Number of protein chains: 2
Amino acid sequence: MIDLEKVIREISPSAEEEKTLRKTAETVLKKIKELCAREELDAEPVLVGSVSKGTYLDPDIDVFIEFDRKYDREAMVAAALNIGREVLPDSIERYAEHPYVSGHISGIKIDVVPCYRIKEGERIISAVDRSPLHTRYVVAKITDRERAQVRLLKAFMKTAGIYGSEVRTRGFSGYVCELLIISHRTFLNCLKSFSETRGKYVIPEKSGDAKKFIEPVIIIDPVDQGRNAAAAVSIENLSRMRVLSREFLRNPSVDYLERKRKPHETHMDRGTAIRIFRLPASGIVDDTIYPQAERFRNILVDLFAEGGFSPIGSEIDLNDHIDVLIECEREFSPMFFVHKGPPADSERTHEFISKWIKREDVIGPYISGDRLYVDVPLDQHSIEDYVMSRLPEFNIGAHLNDLKNELEIIDPSKGDEKFSVMEKFFSRSIF
Amino acid sequence: MIDLEKVIREISPSAEEEKTLRKTAETVLKKIKELCAREELDAEPVLVGSVSKGTYLDPDIDVFIEFDRKYDREAMVAAALNIGREVLPDSIERYAEHPYVSGHISGIKIDVVPCYRIKEGERIISAVDRSPLHTRYVVAKITDRERAQVRLLKAFMKTAGIYGSEVRTRGFSGYVCELLIISHRTFLNCLKSFSETRGKYVIPEKSGDAKKFIEPVIIIDPVDQGRNAAAAVSIENLSRMRVLSREFLRNPSVDYLERKRKPHETHMDRGTAIRIFRLPASGIVDDTIYPQAERFRNILVDLFAEGGFSPIGSEIDLNDHIDVLIECEREFSPMFFVHKGPPADSERTHEFISKWIKREDVIGPYISGDRLYVDVPLDQHSIEDYVMSRLPEFNIGAHLNDLKNELEIIDPSKGDEKFSVMEKFFSRSIF
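Residues numbered from 1 in each chain as written. Chains lettered and ligands numbered in written order. Predicted model: local features only at pLDDT ≥ 70, side-chain atom pairs only at ≥ 80, totals over all residues. Heavy atoms only, no water.

A. Structural detail: the relation of the copies chain A and chain B. Superposing chain A onto chain B requires a rotation of 179° together with a translation of 0.2 Å along the rotation axis, leaving an RMSD of 0.3 Å. On this basis, the relationship between the two copies can be described by a two-fold rotation axis. Ranked by how close their C-alpha atoms come to the rotation axis, the residues of chain A are headed by Arg 330 of chain A, at 4.7 Å. Looking at chain A, 100% of its interface residues are interface residues in chain B too, so the copies touch through the same face. (Least-squares fit on C-alpha atoms with pLDDT ≥ 70 in both. Contact = heavy atoms within 4.5 Å.)

B. Region of the structure containing helix α5 (residues 130-141) of chain B. Its 12 residues place the ends of α5 of chain B 17 Å apart at the C-alpha level, agreeing with the 16 Å of an ideal helix rising 1.5 Å per residue. Of the residues making up α5 of chain B, those classed as buried are Arg 130, Pro 132, Leu 133, His 134, Thr 135 and Val 138 of chain B. (Helix = DSSP H or I, 4+ residues; strand = E, 2+ residues; numbered from the N terminus. Expected span 1.5 Å × (residues − 1). Buried < 20%, exposed > 50% of the residue type's maximum accessible area, 1.4 Å probe, protein only.)

C. Examining the sheet that holds strand β12 (residues 336-343) of chain B more closely. Read from one edge to the other, the open sheet built from 3 strands follows the order β12-β14-β13 (chain B), with strand pairing classed as antiparallel. Strand pairing shows two members of the sheet lacking a second neighbour, β12 and β13 (363-368) of chain B, which therefore form its edges. In this sheet, adjacent strand axes meet at a mean angle of 25° when their direction is disregarded. On top of the sheet, helix α9 (residues 235-250) of chain A reaches β13 and β14 (371-377) of chain B; it is set at about 125° to β13 of chain B, its chief contact. (Pairing = 2+ DSSP bridges. Axes fitted to C-alpha atoms, helices over the stretch in contact; angles between N-to-C directions.)

D. Representation of the side chain of Asn 237 of chain A. Along the chain, Asn 237 of chain A turns up in helix α9. Dropping the residues within four chain positions of it, Asn 237 of chain A is found in contact with Ile 162, Thr 169, Arg 170, Gly 171 and Phe 172 of chain A.

E. Representation of the interface of chain A and chain B in the model. Chain A puts 49 residues into the contact, and the matching count from chain B is 49 residues. Surface buried jointly by chain A and chain B totals about 4400 Å² across both partners, of which 57% is contributed by carbon and sulfur atoms. If you sort the residues of chain A by the area they bury against chain B, Arg 270, Asp 345 and Ile 363 of chain A come out on top, with a joint share of 14%. Counting across the interface, chain A meets chain B through 8 salt bridges. The salt bridge partner of Arg 428 of chain B is Asp 375 of chain A, with a shortest N-O separation of 3.1 Å. One can count 22 residue pairs in polar contact (both at pLDDT 80 or more) joining chain A with chain B. At the level of secondary structure, the elements contributing two or more residues to the side of chain A that touches chain B comprise α9, α12 (349-357), β13 (363-368) and β14 (371-377) of chain A. Among the elements that take part in the side of chain A that touches chain B, α9 of chain A stands out by supplying 9 residues, more than any other. Partitioned by chemical class, the residues of the side of chain A that touches chain B number 16 nonpolar, 14 polar and 19 charged. (Buried area = accessible area lost by both parts, 1.4 Å probe. Salt bridge = Lys/Arg side-chain N within 4 Å of Asp/Glu carboxyl O. Polar contact = N/O pair within 3.5 Å; in protein donor to acceptor, adjacent residues only side chain to side chain. Nonpolar A, V, L, I, M, F, W, Y, C, P; charged D, E, K, R; others polar.)

F. Just the packing of helix α7 (residues 174-184) of chain B against helix α8 (residues 187-196) of chain B, in detail. Residue and element names in this part refer to chain B. Between α7 and α8, the least distance of the axes is 9 Å, while the angle of their chain directions is 95°. As far as their axial angle goes, α8 and α7 are roughly perpendicular. Seen from α7, the contacting residues are Leu 180, Ile 181 and His 184; seen from α8, they are Phe 187, Asn 189, Cys 190, Ser 193 and Phe 194. Its residues assigned to classes, the contact of α7 with α8 comprises 5 nonpolar, 3 polar and no charged. (Parallel < 35°, antiparallel > 145°, perpendicular 65-115°, else oblique.)

Laid out in structure tokens, this is it:
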């Protein structure tokens, strides 16, 4: 049996680290408070995120500056950016829902983010406004023992590649991990619940509010009953969590909590047609581009299915480029398709025959079993021809539409170049 | 509107023809009667078949010699063959259930067939023993007006290629046509019943006896309630009859009663893999060989589906050889297959993972949607390799098993040779 206490010690900060972190956070908060006073702002800093809740794996400090609702967005952002730049010597500006400032003090990463001050039950103005409410809720509910359990759960999910709610991962956020432990009390109980439930995963289990949501994981946000805190989790990641929970409970191993993924050998030629569809990615942030890359992937898969290329797999990789890999069963589209008509004992046979009998180029209508069919000839296309001919009608989203004309179609079997999307595709594994 | 009376005149014999036929039949019957007396046989000739019932399209005379049950099969056959040879100067011996004699008088084809004398309700000894009972039933029930309607129905079915109950055709026998008209009274009513009914086609409509039968067309034999007179009819031929009845009723045309099939152009290369599997046919009668050829076809289709060649069409042609054509989507079997595992929320995930994780050559287990999968590598085969490697395990039936080692696999796209099975396959049409 695995010694979970030992793992907890390994993934928790030392007293020394904890002390440095607390001190740094206090210093930053104090400085921001002074700057708010100096600028006569109706605003104050608040420590949020996993450091404030004592559930962190990586000691990143998130400081939100809560502004009164009287400020408009522009004024709020301008004031927060000024303060952030003054507090963080190496600051750079980033962009999520609002612009914010990111930098370092004593080697610790610090974000300074503006938001509106919201009381519980009050309507939020922007999504980030909820973070201080989440922090207060978790801090009030969680015990020290449970903080360690959150760390275990996060480590488990991180190893499985399902930790983080960014669209790139579509996994479980830190807040969701905290709510899971608040609900199940221990890491093992939490895994047990994933391994035993069927269908949608819902907390609270018999919540009437859950009916409103369509996502595979539904965890009602305790600070806002109208919100699903786990809306980001994909069906794949719920599935991974269930399968891996079951594996861990049968055969607990530290591998599930700290193992590095071993790269698999790349299988290239398996008699299929693989192409990489590459768009330039210069200057676009991941979180905006990923949904568009996914949309691009889905458009391509649907297109190849429609064209009769029989797509059997796909993968996305964001590097210097946006790479979408599609694996099809065939290099060329079929020269005809077997079109299924109505059953012989249906009134619709006449309509079907009238429609097709005029076409000199089809075979049939003929009978097979109890129905009518025709073999309809098609223009044959290569993958390249086909995609280029359909490209104008794609709507991939604002950013990617602008880049469509720069699309490059790469056949990775030609030449020796290595592609990270190929490695990602061929190393697909639950572990 | 089509003039059905005119069609009836065209397909019915002239008074002259009818007279010659009657005279010939009477002469043959009289001669056989005399021979039976000379040989002191407890046996007498009886005119059966469509000529005796006045429902024929082709004037073939069928004379059965009814023997008393006291004769054993050998004695009965020997006596009948002797008589047949004496009556028919150009006789040849043929074989159905028993041997029989076939020849010509005044250009009219005549069969002389032995059978046992059976009274209605008595148990038959061989299948041919029923023919005299069928003849008596039809003659007693049918009117002259209805005889003409039977001729129309037979002409319609002949044009559609669904007339005849031999295994090669699996269509409607002459007796079934007569029962259909006895039931529906007119040709048009009969077509109406085919165009309007759904599912199985049953006569009498609410027959309790029909429940015993599994065939698509069930017509209870009035002389034997335990027999389905239409057992031979395939689902394809019922479907053809339904679709064509509907077409005819919407737009009646003599084309459906006398049209010659126009040969279609042969489409050869449509990006698929077509092979002809050829066995020698020397000296084997059609009716025994066809079910075995069909079994061979089904074995091949199943085999190619199992091997991942994606079979999409097939055809059988019996000529100097037994030719089975199979059309597959691919020339080579795939190099791997995507094996679907259990859903993530099932207890069986561990078993699946344990089984596959040991295999170094597979990709996965990985998650897609809500389930586990693995990509399992396969040995790649050509159609030829694959069939030859599996040949020893085929059980095609007594005759064809002996010929397996003479199997020839022909790729019709190589070379200019024409194959009748190709023409048959590519001219598939409801019309």
